[in-house]
Amino acid sequence: SQVGGKTRILDAANGGRGNGANVSIYDPWSPIPANRLWRIEKQPDGFYKITSKASYSESTKYCLDVAGGVNADRQNVQLYQDNGLAPQRWRLDKM
């Protein structure tokens, strides 16, 4: 993301693990820690699942998830255990 001319990356709280861990933007630095790296997987219907790399090798994977599954402005984005439901499916558009 470019915010105010400055590059920002997604950061998952709690080391990128755990239901309800908040996701926010953060300054990048090198090396980039695993909780700021993401695996983006295209799904058969064209949507994407975005998983925290910090949790990817574990048996339980944590995905970007809309808190409470509520489709409303200003709803928080968090990590939540991969469950395949709509709040974990994202559309990526070319700009």
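Residues numbered from 1 in each chain as written. Predicted model: local features only at pLDDT ≥ 70, side-chain atom pairs only at ≥ 80, totals over all residues. Heavy atoms only, no water.

Caption draft 1: The overall build of the chain, seen in detail. A tally of helices and strands in the chain yields 0 helices and 8 strands. Its helices and strands taken in sequence order, the chain reads β-β-β-β-β-β-β-β from the N to the C terminus. Scaling as 2.2 N^0.38, a compact globule of 95 residues should have a C-alpha radius of gyration of about 12 Å, and the chain matches this with 13 Å. Considered along the principal axes of its C-alpha atoms, the chain spans approximately 35 × 30 × 25 Å. Across the 95 residues that make up the chain, the buried fraction comes to 28%. (Helix = DSSP H or I, 4+ residues; strand = E, 2+ residues; numbered from the N terminus. Rg over C-alpha atoms; globule rule 2.2 N^0.38 Å. Buried < 20%, exposed > 50% of the residue type's maximum accessible area, 1.4 Å probe, protein only.)

Caption draft 2: Spotlight on the nonpolar core. One finds Ala12, Ala21, Val23, Trp38, Ile50, Tyr62, Leu64 and Leu79 forming the largest nonpolar core, which totals 8 residues. For Ala21, the contacting residues outside a window of four places in its chain are Ala13, Asn14, Gln78 and Leu79. (Core = buried A, V, L, I, M, F, W, Y, C linked by side-chain atoms within 4.5 Å. Contact = heavy atoms within 4.5 Å.)

Caption draft 3: The arrangement of the pairing of strand E5 (residues 38–42) in detail. Where E5 lies against strand E6 (residues 48–52), 5 bridges are found, and the strand directions are antiparallel. Its bridge partner lying in E6, Glu41 is registered against Lys49. If you look at the hairpin formed by E5 and E6, you'll find 5 residues sitting between the two strands, and Gly46 has a positive phi there, around 95 degrees. (Pairing = 2+ DSSP bridges.)

Caption draft 4: Structural detail: the layout of surface pockets. Taken as a whole, the largest pocket spans an internal volume of roughly 260 Å³. What lines the largest pocket is a set of 14 residues, and nearest its centre among them are Val66, Val70, Asn71, Ala72 and Trp90. Grouping the amino acids of the lining of the largest pocket by side-chain chemistry returns 7 nonpolar, 3 polar and 4 charged. (1 Å grid on protein atoms, 1.4 Å probe; cavity = no way out; pocket = protein on both sides within 12 Å on 5 of 7 lines; lining within 4 Å. Points joined across faces, edges and corners; volume = space filled by probe spheres on them. Nonpolar A, V, L, I, M, F, W, Y, C, P; charged D, E, K, R; others polar.)

Caption draft 5: Quick peek at the side chain of Asn35. Assignment of secondary structure puts Asn35 in the loop between strand E4 (23–26) and E5. By relative accessible area, which is 14% here, Asn35 ends up buried. Among the polar contacts listed, one links the side chain of Asn35 to the backbone oxygen of Ala12, at a separation of 2.9 Å. The contact partners of Asn35, leaving out residues within four places of it in the chain, are Leu10, Asp11, Ala12, Gly15, Gly16, Ser52 and Ala54. (Polar contact = N/O pair within 3.5 Å; in protein donor to acceptor, adjacent residues only side chain to side chain.)

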